[in-house]
Amino acid sequence: MNQLPQKNPLQPRPAGCSHSRLSSAESSSMDGFWMEVERIQQRDELREEDSGGNEGQLPEEGEAESQWLQDTGLSGLLGGLGLDSDHKELLSTLTQTQVAAVCRRLDVYARSVRRQHKTPARDVRDVFGVFNSVKMSSENGDSGMKGAQLSSEASKSPPAAEPGGPQEQAGREEAFNMDSAYSEQAAVLLQKSRPSQRGTSAWGKCSLPKFTIPKGRLGVTRIGDLSLQDMRKVPSLALIELTALCDILGLDLKRSKAGKWKAAETRLFGVPLDSLLEADHKVLPSTQVPLVLQALLSCLEKRGLDTEGILRVPGSQARVKGLEQKLERDFYAGLFSWDEVHHNDASDLLKRFIRKLPTPLLTAEYLPAFAVVPNIPDLKQRLQVLHLLILILPEPNRNALKALLEFLRKVVAREQHNKMTLWNVSTVMAPNLFLHHGRPPKLPKGKEKQLAEGAAEVVQIMVHYQDLLWTVASFLVAQVRKLNDSSSRRPQLCDAGLKTWLRRMHADRDKAGDSLEATPKVAKIQAVWPIKDPLKVPLTPSTKVAHVLRQFTEHLSTDSKGQEGSEDMNSFLLHHRPMESANILLYEVGGNINEHRLDPDAYLLDLYRANPHGEWVLKQSPT
C-alpha cells in the first residue's frame, strides 16, 4: 500500500474521506499516524529516488490473469492445454461463485491472447460447459448451495449496507459462519436484493461487535491443526475464494508485482524472513518466527507493557542505530544483552525491523488488496476478505504477523497503565506495516487522510479479531478433503472427457454416501504410547473428542498399575508426568486428510462420516 504522503505530514490534511467509517473522534485523532510517518521520513527511510525494482507496479491485462491461474494451481488451462488429474481434482471442489471467478479470469486472458496473436487459450466453455449445476457440501454435513448456470449478475456489486452507529454496534455478538463459502453467502444476499443489516458506517474501539464462530459437529480448525501437506493446499483455494468474493462485492482485487531486492550485507535487518529462518534453524530447528523478532517482542513484553506511550514515544535515534549494529554483530554469538535496552529503543528497533524487510510483511503482491479492505461497507465482509488474505500469506509472513498481533493485543490489554488504546496502537503501527522503504508512494491529492485512516482500520481489525483470522474455514477444510479424496482415487479417473469424468465423480460420491449406513458401534483409537490394546470408544451421536481424551487418561492410569514391572511403561510415566487430558491431543490421520488435530468439541460419529477411511491417533501436545 505504498500510498501515503512524503512531505509535510503534520500539515493540515484534506478531508478526502467523506464516507469514513470511523467515529468523528477517532477520525480526527490521527496524530500518532502522522507523527510516525514524519519520524520515518526524518530517518531517510523513504527515498525519493527510484530503487530500481518494479515493486508496487500493477501487471498488464492478461499478465495478471496468467499469474492468478498459476497461483491457484490452474496454469494448465493456459495455452489450450488439456486438463490433467490435478486440475480436474481442484475444479471438482469449486463452488458456483468460485467457478464464475475462474471463468472471468480465463475470459480476460483469452481476450488478451487474441489481441496479441498468441497461442489460443482454452475456451471456458470447454472447461466449465458442463457445470450446469454445482453442489458444494459443507464440512459439517449441511447441504450446500445449488444453482443454475452462472449469469453475469454475479459480478454486480451488492447494495450498500445500512449505516449503523457506534451505539448500535456496541456489545453486539454475532455468528461468523464458516461452513459455507463467503462468496456464496454474499451471492445469497445479492439475490435477495436487500442490504445487509450488519453494515457499519461508523465504528470505533468501543463499538466493534463480537463475532463468534459457531462450532459445528466437526469443531473448529485452527491454523496449525492441519499438516503441512494439507496446509499447502489452502492458499490456492483461499485465493480462488477471495477472488470470487471480491467479484461479488464489486471490488477490484489488485495484485502488484514483487520487486527485485538486493541482497543485504547484514544478518538481521533488511533480510528476508525465509533467510532469517534458515539461519535460525541452525540454532533452533523448530522455530517458526525469526529469533530476533521473538527477542524484540519478549524484551518489550517483560519491560515495556506498562510504560506509558509504549510504541508511540520514540527512542533515541543514536542509541537505536548503535543497538542495531550491536545486534548485527553479537546476536547469533549470544553476546547481546537485552537488559541494557531501553523499552522505547526496543520499540523503535521492532518497527525498524518490520520496515526494513526487503518485502512488506503483508507481501508486495497483496498489499494493495489489504489496502482496499476498508472500502467494503459491511464489517463482516471486511473480516471475510482479511481472513482469506491471511490464509494466502506465505507461512513465514503469516507466523511473524501472528506473533506481532499477539504482542499488540497484550499492549492494548494494559491500556490502563500504558494509555495505549486499540486505536492508538493501530495508528502507530499502520505506517510501519504499510509504508515500505523502497519506492516512494504516489498519491492523487486529497486521498491522504482516507488512505491513512484505511491503513489504521485494517490494523485495528487484525488486532481485535485475530483469533478469528487464524482459523481455517470449515468450507476450505472440506475442499482439502475433496482434493485428497480425488487424489487417492486418481486411477479411477476417466480421460475420455471432463463431462464423463464429472458424472463418474458424482456417481462415486453417491455410492460413498450409501456405504455410510453400516457405521461401526465402537471406534478404535490408536496411541503413540506403549499401551496394551487400542482404546475402544462407543461411537454414538453424543461422543466427543473430549470424552476420548478423558477416557484415555483414566485408561492409562489403570493400565500403568497393572504393568508396574514394565520397564517401558515406567520409563514413559517418568518422563510424562503429570499426564492430564489437557496434555493429550487426538489426531485424524489418513483417508481424505493427511493429519488433522481435532477440536475437543468435535463429535466422533460426524468425523467418521466425513472420513470413514481415516484413523484416530492420540499424541501428547508438542507444547
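Residues numbered from 1 in each chain as written. Predicted model: local features only at pLDDT ≥ 70, side-chain atom pairs only at ≥ 80, totals over all residues. Heavy atoms only, no water.

Undergrad: Help me understand the overall build of the chain, please; the structure alone is not making it clear to me.
TA: Each helix and strand counted, the chain has 26 helices and 11 strands in total. A burial count over the chain gives 53% of its 623 residues as buried. Of the contacts formed within the chain by residues at least 6 apart in sequence, a portion of 81% connects residues at least 24 apart. Looking at the chain as shown, the accessible area adds up to about 28,400 Å², and 48% of this sits on carbon and sulfur atoms. (Helix = DSSP H or I, 4+ residues; strand = E, 2+ residues; numbered from the N terminus. Buried < 20%, exposed > 50% of the residue type's maximum accessible area, 1.4 Å probe, protein only. Contact = heavy atoms within 4.5 Å. Areas by Shrake-Rupley, 256 points an atom, 1.4 Å probe, with all protein chains shown as cover.)

Undergrad: Just to check I follow, could you spell out the environment of Ile-593 for this structure?
TA: Mapping Ile-593 onto the fold places it in strand β10 (residues 593-597). Spatially, the C-alpha atom of Ile-593 lies 9.9 Å from that of Glu-615, the residues being 22 residues apart in sequence. Excluding anything up to four places from it in sequence, Ile-593 contacts Leu-226, Asp-230, Val-480, Arg-481, Asn-484, Glu-588 and Asn-611.

Undergrad: Could you clarify how one ought to interpret the packing of helix α2 (residues 31-42) against helix α19 (residues 422-434) in this entry?
TA: Two packed helices can be described by the angle between their axes and the distance between those axes. Axis separation between α2 and α19 bottoms out at 7 Å; the angle between their running directions is 35°. For the pair α2 and α19, the crossing hand works out as right-handed. In this structure, α2 contributes Gly-32, Phe-33, Glu-36, Val-37 and Ile-40 to the contact, and α19 contributes Thr-427, Val-428, Ala-430, Pro-431 and Asn-432. (Axes fitted to C-alpha atoms, helices over the stretch in contact; angles between N-to-C directions. Left-handed = near helix turned anticlockwise from the far one by under 90°.)

Undergrad: When you look at the pattern of salt bridges in this model, what are you seeing that I'm missing?
TA: Pairing is possible between side chains that carry opposite charge, provided their charged atoms lie close to one another. Overall, the coordinates contain 23 salt bridges when judged by the stated rule. Across the pair Asp-247 and Arg-104 runs a salt bridge, and its minimum N-O distance is 2.9 Å. Residue Asp-247 is located in helix α10 (residues 234-249), and its partner Arg-104 is located in helix α5 (residues 96-116); the two are separated by 143 residues in the primary sequence. Notably, a salt bridge pairs Asp-306 with Arg-414, separated by 2.7 Å at the nearest N-O pair. With Asp-306 in the loop between α12 (291-303) and α13 (317-330) and Arg-414 in the loop between α17 (395-413) and α18 (415-418), this residue pair connects regions lying 108 residues apart in the sequence. (Salt bridge = Lys/Arg side-chain N within 4 Å of Asp/Glu carboxyl O.)

Undergrad: I would appreciate a short explanation of the sheet that holds strand β9 (residues 584-590) in the present structure.
TA: Two pairing modes exist for strands in a sheet, parallel and antiparallel, and in both the strands are linked by backbone hydrogen bonds. If you walk across this open sheet you meet the 5 strands as β8-β7-β11-β9-β10, and the pairing is mixed. Every interior strand has two partners, whereas the edge strands, β8 (535-538) and β10, have only one. Put simply, the sheet's adjacent strands are angled 30° from each other on average, direction ignored. (Pairing = 2+ DSSP bridges.)

Undergrad: Looking at this model, I keep getting lost on the nonpolar core. Mind explaining?
TA: Of all hydrophobic cores here, the largest spans 130 residues; its most connected members are Phe-353 and Leu-476. Per-element tally for this core: the top contributor is α10, with 10 residues. In this structure, Phe-353 is in contact with Leu-268, Phe-269, Leu-273, Leu-276, Val-292, Leu-293 and Leu-296, ignoring residues within four places of it in sequence. Counting residues in each nonpolar core, the second largest holds 21 residues, with Val-537, Val-545, Leu-549 and Leu-607 among its members. (Core = buried A, V, L, I, M, F, W, Y, C linked by side-chain atoms within 4.5 Å.)

Undergrad: What is the right way to read the packing of helix α8 (residues 182-191) against α10 from this model?
TA: Close contact between α8 and α10 brings their axes to 8 Å; oriented N to C, the two are set at 15°. Overall, the two elements α8 and α10 adopt an arrangement that is roughly parallel. Relative to α10, the crossing made by α8 is left-handed. Along the contact surface, α8 presents Tyr-182, Ser-183, Ala-186 and Ala-187, while α10 presents Glu-241, Ala-244, Leu-245 and Ile-248. Partitioned by chemical class, the residues of the contact of α8 with α10 number 6 nonpolar, 1 polar and 1 charged. (Parallel < 35°, antiparallel > 145°, perpendicular 65-115°, else oblique. Nonpolar A, V, L, I, M, F, W, Y, C, P; charged D, E, K, R; others polar.)

Undergrad: Please clarify how the pairing of β9 should be interpreted in this entry.
TA: A regular strand places its side chains so that they alternate between the two faces of the sheet. Most of β9 sits inside the fold, with 5 of its 7 residues counted as buried. Bridging between β9 and strand β11 (residues 615-620) involves 6 bridges; their strand directions are antiparallel. Within the sheet, the bridge partner assigned to Leu-586 lies in β11 and is Leu-618. Where β9 and β10 come together, 4 bridges link them in antiparallel fashion.

Undergrad: Looking at this model, I keep getting lost on helix α3 (residues 63-71). Mind explaining?
TA: Residue pairs spaced three or four apart in an α-helix point in one direction, given the helix's 3.6 residues per turn. Along α3, the residues that are buried comprise Glu-65, Ser-66, Trp-68 and Leu-69. Mapping the buried residues of α3 onto a view down its axis gives an arc of 160°, with all of them on the same face. For α3, the secondary structure elements touched by its buried residues are α5 and α10. Once α3 finishes, Gly-73 follows within two positions and takes phi at roughly 80°, a positive value. (Arc of directions from axis to C-beta.)

Scope: geometric values only; no functional claims are made or implied.
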